[in-house]
Structure formats: C-alpha cells, structure tokens
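Structural features, examined
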Amino acid sequence: MANDLSDVRFLTVAEVAELMRVSKMTIYRMVHAGELPAVKFGRSYRVPESAVKEAIRAATEGGQRTA
C-alpha cells in the first residue's frame, strides 16, 4: 500500500525558523541532532509542518512545569 502524502505540508528551514523565532542555524542543528524530523531533497531540507507544531507544543508544555 502506497503512502498518501497529499495532506502533508512541508516547510523550508527558513519558514520553520521564522515560525519558531530562531535562526536557521538553530533549525539545522535541531535537524542534525534528530530533535526535528526532516526530509532532504538534494541540498535542501524540508520539515513536515506537523513536526514543527509538535516541537512547539512539547517546548511550551515543558516550560510550564512548576516546582
């Protein structure tokens, strides 16, 4: 059975950096460290939008802990 990718939206590293308000280098580091999944097309990386939303959700939930 083939995977249906028609509903997956991919973002560029620059778009992800803008959404997360960090530098592009931070996103590249996250991708290379395996913290943010990405697909490499030639020399460019594309990050699934769902992975960005999950990373933001995890970061905001992790930062809301109380002592």
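Scroll up to find the structure.
Structural notes, computed from the coordinates. (Residues numbered from 1 in each chain as written. Predicted model: local features only at pLDDT ≥ 70, side-chain atom pairs only at ≥ 80, totals over all residues. Heavy atoms only, no water.)

Details of the packing of helix α1 (residues 13–20) against helix α3 (residues 49–62)
For the pair α1 and α3, the least separation of the axes is 11 Å and the interaxial angle reads 25°. Classified by the angle their axes make, α1 and α3 are roughly parallel. The hand of the α1/α3 crossing is right-handed. The residues of α3 that touch α1, namely those facing Val16, Leu19 and Met20, are Val52, Ala55 and Ile56. Considering only residue class, the contact of α1 with α3 consists of six nonpolar, no polar and no charged. (Axes fitted to C-alpha atoms, helices over the stretch in contact; angles between N-to-C directions. Helix = DSSP H or I, 4+ residues; strand = E, 2+ residues; numbered from the N terminus. Parallel < 35°, antiparallel > 145°, perpendicular 65-115°, else oblique. Left-handed = near helix turned anticlockwise from the far one by under 90°. Contact = heavy atoms within 4.5 Å. Nonpolar A, V, L, I, M, F, W, Y, C, P; charged D, E, K, R; others polar.)

Things to note about the packing of α1 against helix α2 (residues 24–33)
Between α1 and α2, the shortest axis-to-axis distance is 8 Å and the interhelical angle comes to 105°. Taken as axis vectors, α1 and α2 run roughly perpendicular relative to one another. Note on element contacts: α2 touches α1 through Lys24, Ile27, Tyr28 and Met30, opposite Val13, Ala14, Val16, Ala17 and Met20. When grouped by side-chain class, the residues that make up the contact of α1 with α2 number eight nonpolar, no polar and one charged.

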